[in-house]
4 protein chains.
Amino acid sequence: MKKKARINPRKLPTQERSKQLVDSLLSATANILVRRGYEGLTTNRVADEAGVSVGSLYQYFPNKESLVEALIRRWSDGLMETIADHYLEVRNESIETAVDTMVRAALDSTRVDAKLHRILTQQIPNVNALPALELFNRRMSERVASWLELHREELEVEDLHLAAEIVVMTLAGLSDYALIQRPELLDSPSFVQHLSRLVLGYLAPTRASQLSASAGKRRRTSKRLAQS
Amino acid sequence: MKKKARINPRKLPTQERSKQLVDSLLSATANILVRRGYEGLTTNRVADEAGVSVGSLYQYFPNKESLVEALIRRWSDGLMETIADHYLEVRNESIETAVDTMVRAALDSTRVDAKLHRILTQQIPNVNALPALELFNRRMSERVASWLELHREELEVEDLHLAAEIVVMTLAGLSDYALIQRPELLDSPSFVQHLSRLVLGYLAPTRASQLSASAGKRRRTSKRLAQS
Amino acid sequence: MKKKARINPRKLPTQERSKQLVDSLLSATANILVRRGYEGLTTNRVADEAGVSVGSLYQYFPNKESLVEALIRRWSDGLMETIADHYLEVRNESIETAVDTMVRAALDSTRVDAKLHRILTQQIPNVNALPALELFNRRMSERVASWLELHREELEVEDLHLAAEIVVMTLAGLSDYALIQRPELLDSPSFVQHLSRLVLGYLAPTRASQLSASAGKRRRTSKRLAQS
Amino acid sequence: MKKKARINPRKLPTQERSKQLVDSLLSATANILVRRGYEGLTTNRVADEAGVSVGSLYQYFPNKESLVEALIRRWSDGLMETIADHYLEVRNESIETAVDTMVRAALDSTRVDAKLHRILTQQIPNVNALPALELFNRRMSERVASWLELHREELEVEDLHLAAEIVVMTLAGLSDYALIQRPELLDSPSFVQHLSRLVLGYLAPTRASQLSASAGKRRRTSKRLAQS
DNA sequence: GATGAATGAGTCTTCATTCAT
DNA sequence: TATGAATGAAGACTCATTCAT
């Protein structure tokens, strides 16, 4: 961490070296998790897959648990970034567009690395996963909350923090459930549409009702009338 | 307890007896799951906790997996009943009331045996839990769908089956997430209210917007005006 | 075994009954041994196959070992009888014919119930099998010895008892080995012929040499000359 | 023994080391087999006896079966060598001498490690032992056959391959049987003599009859006359 | 630092045997 | 006597972790 500096100009200064090692260990962990599930995850296997010795693994991770924790951290950081990108584009769009983007972002984040996602959210003893997931959701909620602030006037909810949490949990919950039990839905346009309406109908039911009204008009006038 | 007494004419010579045994094994499984998590679940421990020998356990369950499966089955059956009760009352109520009841039912089912619920839905290798959970959700969806049929005219969604699935997954996802990450919410009235609005805003945004309009009126007239 | 006598004239007086039970237990044992090998033999399985309860099994056999011992006894008695029959016919035949009969008898006894034979002679922990097998071979030797006595004058061995033992062990050993490693041989006429020559060449080489001489003559005169 | 010394330039860092380990595991297996039989053979016991942990055992042998298989292989290789030595000396001897040597070799190979020999040939579930034993006997037969070729002109059998197999099986069967049921015989000179006559009488009855004739002459003239 | 052989507690599972009914 | 549920010791095998090199 602080040893020889310019004298021994190896390609990989210790710090860099160990970072790579840690990385390949985490990737190996992810691969094995995907291929053989949590029950099939053994430290020896991870070391093997990463091309290092078990000993080295234990140099960087005090135990198996911490290995998984680190992977979860890395993974949720990845998710954050993916989602952050989506959110940046959205700041100035209409609520409808923004909600649509959020929904798509949630589903996308699930789809990418779907199997790993699923294992990490469902199969890992929660003791490990919880803190990281909590952090992830807290950050997401904050982000959504601050976005909601920008549109406060257009929204029909008051407790924006609670609303943000609910939106985040709704989207996370739904994409997880869909991933597990109805993966086809993840790619269905009407699923996306429904989720958008779900969120919009929560945040701004009036706008949502207009939306469905006009949608209905296009298709079934009688229905619209009945509702008016 | 076992010596003959004419009052209790040897009712449980075999069938009843083994049912009790199975029951105590499943309860032991649940207890251990709650106390030590899935990783801490061993067949010997279960037998011990149930006060029987491992051998007896294996007389009734061919392996550890089947033990967990049976527990999941028992648990999801319990849930079904709990929820079924709620739903029966609701058939003829207004949508608003019905949605409210559904929300409360979802949260209730999570709260009862909360820790077990959490472990069963999150921590068990999905291979075991999935079929049972899928069945459970399918049944729930059907039930909700048939309820939606009754109110078709008042709803602003068309694909009632998809809508039912979304409602079920939303409520399940949200209560699970809340249970894990924000258990306080489960007992918060405003959480219940928000969830009701979420669902109502999805199924019938027009009604939801009236609801929030009047709710808003009571509290902040300015807001209502801004929205009109 | 001694209870109620004439009063209760059941079809199967206790003695007969238990004999049948013992019999079906032994047959079950044999079946299982054949189907699943010694490692697959469990007392519960035997009881099941015999259509009785384990408890009953233990009424008649103090433990698993004794069950197998009894089967071995029954089986070797069967062998004895089979072979005895063959021997009776032979008393007054020529040595050549008698030897031939003995050889065929040995091979036959192996072929009948071959799989059981093999398991009983090879796979059973010898502690069990040995005494019975010893007894069997001792009896066989005696029988052969007494037959040899009848032909003492024609034989070129002196220690008839040793010779009898050697003949018995040779035939037993050869048929067992053939059964295990070259079962095709058991049905090959030339194998029978060779074994006959083996035994005859031992007991009466002069007669054997005449036999092979004439056999050779028929086929390759040159050979015979070369040897003369 | 393990600290560096220039004299023994770290010869056994891995390969040699593991070879030793494998060796001590096999020896432990043999010991236990001899002391407690196949039923008493447990992997934990083997590891214990070998002075290593079970874990180490499983580093070298994937399961109990393979351990036994390896032992059988090692043992049959040993036998092969022992016997090979005997055979080399014999190539140019007379048939009588050669047969005598073969007989002694067979008995010797049984005597050495007699108890292990017996367990390995009789008590091990054949699934394990068979392939190795078959290989062993096939090799033996080939060796004997090629020896028979050299003496083809003096022999009175034609199918040398069958003859070789029969000789091998006879000797193996007889020494095994003798070992089990009459171990005293293994050390009796007359047993050796009888076996030699058995084999010689099979391969070359004419020579055998001369042998017994002259042997008889020395002892009992009357007998010889009776036979002429 | 890196290595990977060695460790051994702990898992699931079987099965001979008992004994209350 | 018969039954068969219950027992629990014992066995094969795994894997997180350590430590001598």
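Calculation criteria
Residues numbered from 1 in each chain as written. Chains lettered and ligands numbered in written order. Predicted model: local features only at pLDDT ≥ 70, side-chain atom pairs only at ≥ 80, totals over all residues. Heavy atoms only, no water. Helix = DSSP H or I, 4+ residues; strand = E, 2+ residues; numbered from the N terminus. Buried < 20%, exposed > 50% of the residue type's maximum accessible area, 1.4 Å probe, protein only. Contact = heavy atoms within 4.5 Å. Areas by Shrake-Rupley, 256 points an atom, 1.4 Å probe, with all protein chains shown as cover. Buried area = accessible area lost by both parts, 1.4 Å probe. Salt bridge = Lys/Arg side-chain N within 4 Å of Asp/Glu carboxyl O. Polar contact = N/O pair within 3.5 Å; in protein donor to acceptor, adjacent residues only side chain to side chain. Nonpolar A, V, L, I, M, F, W, Y, C, P; charged D, E, K, R; others polar. Least-squares fit on C-alpha atoms with pLDDT ≥ 70 in both. Patch = residues over 30% accessible without salt bridge, like charges linked within 9 Å, V, L, I, M, F, W, Y side chains within 5 Å. Lys, Arg positive; Asp, Glu negative; His and termini not counted. Charge placed at Lys NZ, Arg CZ, Asp CG, Glu CD. Phe/Tyr/Trp six-rings, centres within 6.5 Å; stacked < 30°, edge-to-face > 60°. Lys NZ or Arg CZ within 6 Å of the ring centre and 35° of its normal. Near = heavy atom within 4 Å.

Asker: Explain the overall build of chain A to me, and be specific about the residues and the numbers.
Answerer: Broken down by element type, chain A carries 11 helices and 0 strands. Along chain A, from the amino end to the carboxyl end, the secondary structure elements read α-α-α-α-α-α-α-α-α-α-α. Per-residue burial over chain A gives 51% buried out of 228 residues. Restricting to contacts in chain A with at least 6 residues of sequence separation, those with at least 24 account for 69%. Accessible surface computed for chain A: about 11300 Å², of which carbon and sulfur atoms make up 50%.

Asker: With reference to specific residues and values, describe the interface of chain B and chain A.
Answerer: With 51 residues of chain B at the contact, the number on the chain A side is 51 residues. A combined buried area of about 4700 Å² lies between chain B and chain A, and 55% of that area is made up of carbon and sulfur atoms. Among the residues of chain B in contact with chain A, Met169, Tyr177 and His194 of chain B are the three that bury the most area, contributing 14% of the side total. Remark: the boundary between chain B and chain A carries 2 salt bridges. Linking chain B with chain A are 8 residue pairs in polar contact (both at pLDDT 80 or more).

Asker: Give me the lowdown on the interface of chain D and chain C, citing residues and values where you can.
Answerer: Each side of the interface is counted separately: chain D has 53 residues, and chain C has 51 residues. In total, about 4700 Å² of surface goes out of reach between chain D and chain C, with carbon and sulfur atoms giving 55% of it. Ranking the residues of chain D by area buried against chain C places Met169, Tyr177 and His194 of chain D at the top, with a combined share of 13%. Counting across the interface, chain D meets chain C through 2 salt bridges. A salt bridge links Arg182 of chain D to Glu165 of chain C, with the nearest nitrogen and oxygen atoms 2.5 Å apart. At the level of elements, α6 (114–123), α7 (126–150), α8 (160–181), α9 (189–203), α10 (205–219) and α11 (221–227) of chain D are the ones that each hand at least two residues to the side of chain D that touches chain C. When its residues are assigned to classes, the side of chain D that touches chain C shows 23 nonpolar, 15 polar and 15 charged.

Asker: Would you mind going over the relation of the copies chain D and chain C in detail, with residue names and values included?
Answerer: The operation relating chain D to chain C is a screw motion whose rotation component is 178°, with 0.1 Å of axial translation and a residual RMSD of 0.3 Å. A rotation of that kind, with that shift, is consistent with a two-fold axis. An overlap of 96% is found between the interface residues of chain D and their copies at the interface of chain C, pointing to a shared contact surface.

Asker: So what's going on with a negative patch on the surface? Residues and values would help.
Answerer: Together, Asp77, Glu81, Asp85, Glu89 and Glu93 of chain B give the surface a local cluster of negative charge. Take Asp85 of chain B: it is sitting in helix α4 (residues 64–90).

Asker: Account for the packing of aromatic side chains, naming residues and giving values.
Answerer: The full count for this structure, using the stated rule, is 0 aromatic pairs over all chains. Its end group placed over the ring of Tyr38 of chain B, Lys64 of chain B keeps NZ or CZ at 5.2 Å from the ring centre.

Asker: Lay out the protein's contact with DNA strand F in plain terms, naming residues and giving numbers.
Answerer: Near DNA strand F lie 34 residues; those nearest to it are Thr43 and Tyr58 of chain A, Gly55 of chain B, Ser56 of chain C together with Lys64 of chain D. Within 4 Å of the protein, the atoms of DNA strand F are drawn from sugar and phosphate moieties in a proportion of 63%. Between Asn44 of chain A and DNA strand F, the recorded distance is 3.4 Å, taken from a side-chain N or O atom to a base nitrogen. In this structure, a phosphate oxygen belonging to DNA strand F sits 3.5 Å away from a side-chain N or O atom of Gln59 of chain C. Top element by residues in the surface near DNA strand F is helix α3 (residues 54–60) of chain C. It accounts for 5 residues.

Asker: If you had to explain the relation of the copies chain B and chain A to someone new, which residues and values would you point to?
Answerer: For the pair chain B and chain A, the relating rotation is 178°, the translation along its axis is 0.0 Å, and the fit reaches an RMSD of 0.3 Å. When the interface residues of chain B are mapped onto chain A, 100% of them again fall at the interface, so both copies present the same face.

Asker: I'd like to hear about the pattern of salt bridges, residue by residue, with values.
Answerer: By the definition in use, this model includes 43 salt bridges over all chains. Notably, a salt bridge pairs Glu149 of chain B with Arg152 of chain B, separated by 3.5 Å at the nearest N-O pair. Beyond isolated ion pairs, a larger network of salt bridges with shared partners links Glu96, Glu154 and Arg207 of chain A.

Asker: Just give me the short version of unusual backbone geometry, but keep the residues and values in it.
Answerer: The backbone of Asp113 of chain C sits at a positive phi, close to 55°, despite the residue not being glycine. Note that Asp113 of chain C resides in the loop between α5 (95–111) and α6 (114–123).

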